[in-house]
Amino acid sequence: MSYIAIIITYIIVSNFILTQFLGLCPFLGVSKNVESATGMGFAVTFVAAIAALITWAVQNYILIPFNITFLQTVAFILIIASLVQLVEMVVQKVAPPLYKALGIFLPLITVNCGVMGIAVIATRTGYNAMESFVAGIAVGLGFLLAIFIMATIRERLDLEDIPKPFKGLPIAFIVTGLMAMSFMAFDRALLNNLLG
């Protein structure tokens, strides 16, 4: 699969948030304002890209050769947790307001099923190291796109007169559903037509 196809697939066609519904907890929790949503999007992009590359290497150079693939989930979670800890320390040092705004959702990247999902998908689809890395970046950018759009909409909705039962999380779920429906227009047939 070409790198452009991988990028289009994971950003638009198979967006982990809007078509596969992976990683909704930080998506809904951090999408209240654009600044924190963008910070979370870049953090997820970094973790997903590096995790996809490292887990590919661990799978192909340790787990398969030593016939211990049954440890895949444990190994992948440890790798992702280490990367998240690194990101958390950097964000806390470099951007304390962003660290405070992200709160509990930054460590939750460890159990973000989108990050774990791309690590597993990259190893099971037969991607090479570079394809795994590109897929990780694309998944992160897809997350960034979805959370940025959602944060923009939620900031605008805060200024509108919305009936009380729909304020907050209910309207966020409705908007997420509408966004997901719009992303359904992008399918594999479109990808095949674009890339031949």
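Model, not experiment: these values are computed from the prediction. (Residues numbered from 1 in each chain as written. Predicted model: local features only at pLDDT ≥ 70, side-chain atom pairs only at ≥ 80, totals over all residues. Heavy atoms only, no water.)

**Comments concerning the packing of aromatic side chains**
Logical step 1: Applying the stated criterion across every chain, the model contains two aromatic pairs.
Logical step 2: Centroid distance Y10 to F16: 6.0 Å. Interplanar angle 75 degrees. Geometry classified as edge-to-face.
Logical step 3: By relative accessible area, Y10 is classed as buried at 6%.
Logical step 4: Between the aromatic rings of W56 and Y61, the centroid separation amounts to 5.8 Å while the plane-to-plane angle is 85 degrees, which identifies the pairing as edge-to-face.
Logical step 5: Since its relative accessible area comes to 14%, W56 is described here as buried. (Phe/Tyr/Trp six-rings, centres within 6.5 Å; stacked < 30°, edge-to-face > 60°. Buried < 20%, exposed > 50% of the residue type's maximum accessible area, 1.4 Å probe, protein only.)

**A few points about a nonpolar patch on the surface**
Logical step 1: Judged by side-chain polarity, F46, L86, M89, V90 and V94 come together as a nonpolar surface patch covering roughly 460 Å² of accessible area.
Logical step 2: For the nonpolar patch, the leading source of residues is helix 4 (residues 72-94), giving four residues.
Logical step 3: If you trace the backbone, F46 turns up in helix 3 (residues 34-63). (Patch = residues over 30% accessible without salt bridge, like charges linked within 9 Å, V, L, I, M, F, W, Y side chains within 5 Å. Areas by Shrake-Rupley, 256 points an atom, 1.4 Å probe, with all protein chains shown as cover. Salt bridge = Lys/Arg side-chain N within 4 Å of Asp/Glu carboxyl O. Helix = DSSP H or I, 4+ residues; strand = E, 2+ residues; numbered from the N terminus.)

**Describing the nonpolar core**
Logical step 1: Of all hydrophobic cores here, the largest spans 53 residues; its most connected members are Y10, F27, M40, V47, I109 and V115.
Logical step 2: Among the secondary structure elements, those contributing two or more residues to this core are helix 1 (3-13), helix 2 (24-30), helix 3, helix 4, helix 5 (96-102), helix 6 (113-124), helix 7 (129-157) and helix 8 (169-183).
Logical step 3: Setting aside its immediate chain neighbours within four residues, V47 contacts I80, L83, V84, V87, I109 and V115. (Core = buried A, V, L, I, M, F, W, Y, C linked by side-chain atoms within 4.5 Å. Contact = heavy atoms within 4.5 Å.)

**Things to note about the packing of helix 3 against helix 6**
Logical step 1: Relative to each other, helix 3 and helix 6 sit at 35 degrees, their axes nearing to 9 Å. Regarding helix 3 and helix 6, the two cross each other, and that crossing is right-handed. Contacts from V44, V47, A48, A51, T55, W56 and Q59 in helix 3 reach V115, I118, A119, A122 and T123 in helix 6. (Axes fitted to C-alpha atoms, helices over the stretch in contact; angles between N-to-C directions. Left-handed = near helix turned anticlockwise from the far one by under 90°.)

**With respect to the side chain of N112**
Logical step 1: Here N112 is to be found in the loop between helix 5 and helix 6.
Logical step 2: Engagement of the side chain of N112 in a polar contact is seen with the backbone nitrogen of G114, the distance being 2.7 Å.
Logical step 3: Other than its neighbours up to four places away in sequence, N112 contacts G23, P26, V44 and F143. (Polar contact = N/O pair within 3.5 Å; in protein donor to acceptor, adjacent residues only side chain to side chain.)

**Considering the environment of P26**
Logical step 1: Topologically, P26 is positioned in helix 2.
Logical step 2: The class for P26 is buried, based on a relative accessible area of 3%.
Logical step 3: As a C-alpha pair, P26 and V139 span 113 residues in sequence and 15 Å in three-dimensional space.
Logical step 4: Aside from chain neighbours lying at most four places away, what touches P26 is S31, M40, F105, N112, F143 and I147.

**With respect to helix 8**
Note that an α-helix has 3.6 residues per turn; residues three or four places apart therefore point the same way.
Logical step 1: Taking 1.5 Å per residue as the helical rise, helix 8 with its 15 residues ought to reach 21 Å, and the 21 Å between its terminal C-alpha atoms agrees with that figure.
Logical step 2: When we look at burial in helix 8, the residues that qualify are I171, A172, V175, T176, M179, A180 and F183.
Logical step 3: Contact partners of the buried residues in helix 8: helix 1, helix 2 and helix 7. (Expected span 1.5 Å × (residues − 1).)

**Re the confidence of the model for the protein**
Atomic detail in the predicted coordinates should be set aside for any region of low pLDDT.
Logical step 1: Confidence along the protein averages 90 in pLDDT terms, with 97% of residues attaining 70 or more.
Logical step 2: Taken element by element, the predicted model of the protein shows its lowest mean pLDDT in helix 9 (residues 188-195) (70) and its highest in helix 7 (96). (pLDDT = per-residue confidence, 0-100.)

**A look at the pattern of salt bridges**
Logical step 1: A full pass over the atoms with the stated rule returns one salt bridge.
Logical step 2: R156 serves as the salt-bridge partner of E160, at 3.5 Å between the closest nitrogen and oxygen.

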